[in-house]
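# Fold and contact review
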Amino acid sequence: MNVKEFEKLLLDEKKTIEETLSSVSRQNPDNPNDWEAKYPDLNVEPSDKNDMADEVEEYSNALGVNAVLEAKLVNINGALNRIKDGTYGTCEVGKEEILENRLRANPAARTCVNHSK
Ligand SMILES: [Zn+2]
C-alpha cells in the first residue's frame, strides 16, 4: 500500500475542511482543533423579525456544519497520526489490514468493513 498517496488525500481533505470551517467558525486560538461557530454580530440591530430569524437560522446551520466538520477533522488527524507511527491501514478493533479500496473510499477509516459499527 502506498501510504504517501493516502497521506496526500487526507491532507487535501483536511485543507478543504479547514477552509470551510473558517468560513462558518472561528478557530480557538488556544486549541487549533477547536472551532466555534460564529455568532451573528449582535451589535447590528436586525431591521425586522425576518432578519432576526435569518440570523438565528444561519447560526444554527453553522453549529451543525461545525460539529460535523470538527468530527471529520478529528478522524483525519487521527489517520495522519497513524501514518506517522506506522499503524495506518490497520483495523483498530481486530488489528487486521484494512482493504485498500475501503481506504480509498474513506482514507480516515479506523476499522475494517467487518468491524465498522
Ligand atoms: Zn477489523
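Attention here is on the structure that accompanies the text. (Residues numbered from 1 in each chain as written. Predicted model: local features only at pLDDT ≥ 70, side-chain atom pairs only at ≥ 80, totals over all residues. Heavy atoms only, no water.)

Moving on, we get to the overall build of the protein. From N to C terminus, the protein includes 3 helices and 2 strands. Taken from the N to the C terminus, the helices and strands of the protein come in the order α-β-β-α-α. C-alpha extents for the protein along the principal axes are approximately 60 × 30 × 20 Å. Within the span of the protein, comprising 117 residues, buried residues form 25% of the whole. Residue pairs in contact within the protein that sit at least 24 positions apart in sequence constitute 51% of those at least 6 positions apart. Accessible surface for the protein amounts to roughly 8,000 Å². Of this, 51% is attributable to carbon and sulfur atoms. Across the protein, 15 positive and 23 negative side-chain charges occur, with their mean positions spaced 8 Å apart. (Helix = DSSP H or I, 4+ residues; strand = E, 2+ residues; numbered from the N terminus. Buried < 20%, exposed > 50% of the residue type's maximum accessible area, 1.4 Å probe, protein only. Contact = heavy atoms within 4.5 Å. Areas by Shrake-Rupley, 256 points an atom, 1.4 Å probe, with all protein chains shown as cover. Lys, Arg positive; Asp, Glu negative; His and termini not counted. Charge placed at Lys NZ, Arg CZ, Asp CG, Glu CD.)

Next up on the list: a negative patch on the surface. Side chains of Asp48, Asp51, Asp54, Glu57 and Glu58 sit close together on the surface and give a patch of like negative charge. Within the fold, Glu58 resides in helix α2 (residues 49-85). The class for Glu58 is exposed, based on a relative accessible area of 56%. (Patch = residues over 30% accessible without salt bridge, like charges linked within 9 Å, V, L, I, M, F, W, Y side chains within 5 Å. Salt bridge = Lys/Arg side-chain N within 4 Å of Asp/Glu carboxyl O.)

Around the zinc ion, the protein contributes the donor atoms Cys91 (SG), Glu96 (OE), Cys112 (SG) and His115 (ND1), at 1.9 to 2.3 Å from the metal centre. Geometry at the zinc ion is irregular, judged from its 4 donor atoms and the angles of 84 to 133° they form at the metal. Going along the chain, you hit the donors of the zinc ion in the pattern C-x4-E-x15-C-x2-H. Here Cys112 lies in the segment after α3 (100-105) and Glu96 lies in the loop between α2 and α3, a separation of 16 residues in the sequence. Using a relative accessible area of 28% as the deciding quantity, one classes Glu96 as partly exposed. Its relative accessible area of 7% is what places Cys112 among the buried residues. (Donors = N, O, S within 2.8 Å, 3.2 Å for Na, K, Ca; no water. Tetrahedral: all angles 85-135°; square planar, octahedral: opposite > 155°, others 65-115°.)

What follows concerns the packing of aromatic side chains. Note on aromatic pairs: each is described by the distance of the centres and the angle between the planes. In the structure shown here, the tally under the stated rule is 1 aromatic pair. Ring centres of Phe6 and Tyr88 lie 5.9 Å apart, and the angle between their planes is 45°; this geometry places the pair in the tilted category. Taken together, the positions of Phe6 in helix α1 (residues 3-24) and Tyr88 in the loop between α2 and α3 put the pair 82 residues apart, joining distant regions of the chain. Here Phe6 matches Tyr88 in class, with each residue buried. (Phe/Tyr/Trp six-rings, centres within 6.5 Å; stacked < 30°, edge-to-face > 60°.)

Going through the model one piece at a time under the given rule, you end up with 6 salt bridges. Residue Arg104 pairs with Glu5 through a salt bridge whose shortest N-O separation is 2.5 Å. Here the residue Arg104 occupies a position in helix α3, and Glu5 occupies one in helix α1, the gap between them amounting to 99 residues. We classify Arg104 as partly exposed; its relative accessible area is 43%. Using a relative accessible area of 33% as the deciding quantity, one classes Glu5 as partly exposed. Between Lys8 and Asp12 there is a salt bridge, with the nearest N and O atoms lying 3.0 Å from each other. One end of the pair, Lys8, and the other, Asp12, are both in helix α1, 4 residues apart, so they sit about a helical turn from each other. Three or more residues joined by partner-sharing salt bridges are found here, namely Glu5, Glu100 and Arg104.

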